[in-house]
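Structure assessment
For reference, the chains in residue letters:
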Amino acid sequence: MQSKTEELKKRKEKAKLGGGQDKIDAQHKKGKLTAFERIELLVDEGSFEEIDMFVKHRATDFGLNKQHYPGDGVITGFAKINGRPVALYSQDFTVFGGSLSEAHAEKIIKVMNMAMKIGVPVIGLNDSGGARIQEGVVSLGGYADIFLLNTLASGVIPQISVVMGPCAGGAVYSPAITDFIFMVKNTSYMFVTGPNVVKTVTHEDVSFEDLGGAETHASKSGVAHFIYENEIETLLNVKRLLTFLPQNFMDKTEDFEFDLENLTPEKKLNEIIPDNPNKPYDMRQVINLLIDDKEFFEVHANYAENIIVGFARIGGMSVGIVANQPEVLAGVLDINASVKGARFVRFCDAFNIPLLVLEDVPGFLPGTEQEWNGIIRHGSKLLFAFCEATVPKVTVITRKAYGGAYDVMNSKHIRGDFNYAWPTAEIAVMGPKGAVEIIFKKEISQAENPDKELEKKLSEYIDKFANPYIAAERGYIDDVILPEETKIKLVKAFRLLKTKVDKNPKKKHGNIPL
Ligand code: HXC
């Protein structure tokens, strides 16, 4: 028995070494951790249970029959994070550059299938040279099997991709199908074709970092939802994100304790909206005063900054916040903001996370650039997402709610559950100046003093429409509330909505305008 035990020990030790000490040192030299070190940082201490440690590839060509590393370049298993179970895989760059073989793919598929059956999030730590070149089409098949499972798991369990090294070619589409992508500054990159191919095809000279580094994907393409300075910070934030999520689509998020009785009005909220309606302010100030402990976990913080989306707790309950940002482009909705918002709303709806909308929006962005690139098609994504969402949905209009954007931003008409407005709200078809110049065009141009006439008409229009009361008279707004009492109202609303049941008509699936 002792020799058998020794053999097991030896085999496990060999597997733990991955591609060997030299390769581990090379990985460290690049400022990267090993696949196992990453898992240790991510999961609760001592909770990781590895499976398939002894799996080997079955390839024989190009001398591969003489190169075997137990585990075949990916560590898979189950662990706990924040006390809750998760499934995970971590690609090991020290073994064939973390490239994906048939066996490697089978290991990932095995943990993903189990994650779906037991209803736990799956986290993929990606660090791979892509398809194992020596295995040819078998490796491509492995990728396709993963893509299919990513798609089938979408909306069943949260899927999180952490890109911690190269992720190139078709391999990018696995993370892209998952719910969230984390990247690490300077050491991770994603692209469909690398700089060399780009140079050949388009004659552009571009570095790895500029083409597909973390900053590029966080600000230009919107591919990355979160980026951090280093791997440790990245993994800590994966843990943080999970605190806001349920385990699966049938689960609810965890509630933290909250003392509503002792919640006092937040006077600072009364000071935020400027007297001049054209002056910007930072919607993050409003968010920070409404959420618990100022802990806002912002998604896509550097992309389409005219809309803010992210997770927080209000009254101890996890909520997804979608807020216009008057400080950037006056909070207007454009293509990128619409897509960013829509994707977030759909995630929250898929996973039973209530939505809070903070609205100050002058409308959709005009212009040929937006029209020709399809603001109609993309703007309708946000509308569709809010319309189909059946989770609790609460809106607070802080200032402008103009035009189509009023309808889109979770209005009463599209099943907003509680719609509040601050007294500073202006709910109208368009802003006063534009409106007056259209409807009183003749009167103004024919007046003895057109400027004076414009002023007069403006003042009439503002008195009549630039307020929340016409909407409130119709019941489109449930209540006009003081800014200072907003948090109390929100906690009560979300508590009441805990038992909300709403359903969409039976169908195969909807056809969101893509
Ligand atoms: C087999 C690979 C590999 C791969 C790297 N290696 N990529 N082995 N298949 N795809 C091996 C290398 O031979 C090397 O082995 C070790 O991993 C480390 O690689 P290095 O090149 O030394 O590392 P580095 O300089 O850091 O460069 C990393 C890299 C580069 C940029 C990822 O290796 C690279 O360009 N690899 C090929 C990337 C690629 O074109 N993949 C196919 C993409 S298409 P030794 O033994 O020397 O240490 C694709 C299709 C997916 O993936 C389709 C889905 C539909």
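Up top you'll find the structure we're talking about.
So, here's what we can say about the structure. (Residues numbered from 1 in each chain as written. Predicted model: local features only at pLDDT ≥ 70, side-chain atom pairs only at ≥ 80, totals over all residues. Heavy atoms only, no water.)

This part is about the site of the ligand. Surrounding the ligand, one finds 20 residues, the nearest of these being Lys 23, Gly 97, Gly 129, Ala 131 and Ile 133. In this structure, Gly 129 approaches the ligand through a main-chain N or O atom, which is 2.7 Å from a nitrogen atom. Measuring from an oxygen atom of the ligand, one finds a backbone N or O atom of Ala 131 at 2.8 Å. Burial of the ligand by the surrounding chains reaches 54%, relative to a free accessible area of 1,000 Å². If you list the elements that add at least two residues to the shell around the ligand, you get α5 (137–153) and β6 (166–168). When residues in the shell around the ligand are grouped by element, the largest group, three residues, is from α5. Per-class residue counts for the shell around the ligand are 11 nonpolar, six polar and three charged. (Near = heavy atom within 4 Å. Polar contact = N/O pair within 3.5 Å; in protein donor to acceptor, adjacent residues only side chain to side chain. Areas by Shrake-Rupley, 256 points an atom, 1.4 Å probe, with all protein chains shown as cover. Helix = DSSP H or I, 4+ residues; strand = E, 2+ residues; numbered from the N terminus. Nonpolar A, V, L, I, M, F, W, Y, C, P; charged D, E, K, R; others polar.)

On to the pairing of strand β5 (residues 159–163). The buried count for β5 comes to five of five residues, which makes it a mostly enclosed element. Alternating residues of β5 divide into Gln 159, Ser 161 and Val 163 and Ile 160 and Val 162, and every residue in both groups is buried. Bridging between strand β4 (residues 122–126) and β5 involves five bridges; their strand directions are parallel. Bridge pairing in β5 places Gly 124 opposite Ser 161. Chirality of the crossover, the property in question, places the unit of β4, α5 and β5 among those that are right-handed. Strand direction decides the pairing type here: β5 and strand β7 (residues 180–184), joined by four bridges, are parallel. Following the sheet pairing, Val 163 is matched in β7 by Met 183. (Buried < 20%, exposed > 50% of the residue type's maximum accessible area, 1.4 Å probe, protein only. Pairing = 2+ DSSP bridges. Right-handed = clockwise from strand over helix to strand, strands pointing away.)

With that out of the way, let us pick up the packing of helix α3 (residues 35–42) against helix α10 (residues 231–243). In contact at an axis separation of 9 Å, α3 and α10 are set at 45 degrees when each is read in the N-to-C sense. Between α3 and α10, the crossing angle belongs to the class labelled oblique. In the crossing of α3 with α10, the sense of the turn from one axis to the other is right-handed. Contact residues: α3 offers Arg 38, Leu 41 and Leu 42, while α10 offers Glu 231, Ile 232, Leu 235, Val 238 and Lys 239. Each residue belonging to the contact of α3 with α10 can be placed in one class, and the counts come to five nonpolar, no polar and three charged. (Axes fitted to C-alpha atoms, helices over the stretch in contact; angles between N-to-C directions. Parallel < 35°, antiparallel > 145°, perpendicular 65-115°, else oblique. Left-handed = near helix turned anticlockwise from the far one by under 90°. Contact = heavy atoms within 4.5 Å.)

Another aspect to go through is α3. For α3, the set of buried residues is Ala 35, Arg 38, Ile 39 and Leu 42. Along α3, the residues classed as buried sweep out an arc of 100 degrees about the axis, all on the same side. On its buried face, α3 is in contact with α2 (21–29), β2 (74–81), β3 (84–91), β4 and α10. (Arc of directions from axis to C-beta.)

With respect to the element layout, Phe 344 can be found in helix α12 (residues 335–350). In this structure, Phe 344 is in contact with Val 299, Val 309, Gly 310, Phe 311, Gly 320, Ile 321 and Val 322, ignoring residues within four places of it in sequence.

A full pass over the atoms with the stated rule returns three cavities of 30 Å³ or more. Gln 91, Leu 100, Asn 126, Tyr 143 and Ala 171 are, among the 15 residues lining the largest cavity, the residues nearest its centre. Every element with two or more residues in the lining of the largest cavity is listed here: β3, α5, β6 and α6 (173–177). Residues that form the lining of the largest cavity fall into these classes: 10 nonpolar, five polar and no charged. As a volume, the second largest cavity reaches approximately 50 Å³. Forming the boundary of the second largest cavity are Tyr 89, Met 112, Val 122, Ile 123, Gly 124, Asn 150, Gln 159, Ile 160, Ser 161, Ser 174 and Thr 178. Going through the elements one at a time, β4 and β5 are the ones with two or more residues in the lining of the second largest cavity. Residues of the lining of the second largest cavity, tallied by class, amount to five nonpolar, six polar and no charged. (1 Å grid on protein atoms, 1.4 Å probe; cavity = no way out; pocket = protein on both sides within 12 Å on 5 of 7 lines; lining within 4 Å. Points joined across faces, edges and corners; volume = space filled by probe spheres on them.)

Glancing now at the pattern of salt bridges. Applying the stated criterion to the full structure yields 25 salt bridges. Across the pair Glu 106 and Arg 58 runs a salt bridge, and its minimum N-O distance is 2.8 Å. Taken as a pair, Glu 106 in helix α4 (residues 102–118) and Arg 58 in the loop between β1 (49–51) and β2 lie far apart in primary sequence, 48 residues in all. Judged by relative accessible area, which is 37%, Glu 106 ranks as partly exposed. It is possible to trace a salt-bridge network through shared partners that takes in Lys 32, Arg 38, Asp 127 and Glu 231. (Salt bridge = Lys/Arg side-chain N within 4 Å of Asp/Glu carboxyl O.)

With that settled, consider the sheet that holds β7. As summarised here, the arrangement of the seven strands in space is β1-β2-β3-β4-β5-β7-β9, forming an open sheet in which the pairing is mixed. The sheet is open, and its two borders are formed by β1 and β9 (226–228), each paired with just one other strand. With direction set aside, neighbouring strand axes in the sheet form an average angle of 20 degrees. Taken together, the three bridges between β7 and β9 define a ladder with parallel strand orientation. Bridging from a neighbouring strand, Phe 182 pairs with Phe 226 of β9. On the sheet, α3 packs against β1, β2, β3 and β4 and is oriented at approximately 160 degrees with respect to β3.

Right, let's get into the packing of aromatic side chains. Applying the stated criterion across every chain yields a total of 19 aromatic pairs. Here Phe 36 and Phe 48 contribute two aromatic rings whose centre-to-centre distance is 6.2 Å and whose plane-to-plane angle is 65 degrees, an arrangement assigned as edge-to-face. Taken together, the residues Phe 36 in helix α3 and Phe 48 in the loop between α3 and β1 connect sequence positions 12 residues apart. A relative accessible area of 22% places Phe 36 in the partly exposed class. Consider the rings of Phe 244 and Phe 311, whose centres lie 6.1 Å apart with planes at 20 degrees: the pair is stacked. Linking Phe 244 in the loop between α10 and α11 (283–290) with Phe 311 in strand β11 (residues 307–314), this pair joins segments that are 67 residues apart in sequence. Each member of the pair Phe 244 and Phe 311 is classed as buried. Its guanidinium or amino end placed over the ring of Phe 440, Lys 457 lies 4.7 Å from that ring's centre, counting from NZ or CZ. (Phe/Tyr/Trp six-rings, centres within 6.5 Å; stacked < 30°, edge-to-face > 60°. Lys NZ or Arg CZ within 6 Å of the ring centre and 35° of its normal.)

Time to look at the side chain of Lys 400. By secondary structure assignment, the location of Lys 400 is in strand β14 (residues 393–402). Of the side chains bearing the opposite charge, Asp 360 lies closest to the buried Lys 400, which forms no salt bridge; the N-O distance is 5.3 Å. Side-chain polar atoms of Lys 400 contact the backbone oxygen of Pro 277, separated by 2.9 Å. In this view, Lys 400 contacts Pro 277, Asn 278, Glu 359, Asp 360, Val 361, Pro 362 and Glu 426; residues no more than four positions away in its chain are not counted. (Lys, Arg positive; Asp, Glu negative; His and termini not counted.)

In short, the description is geometric, and any link to function would need to be established separately.
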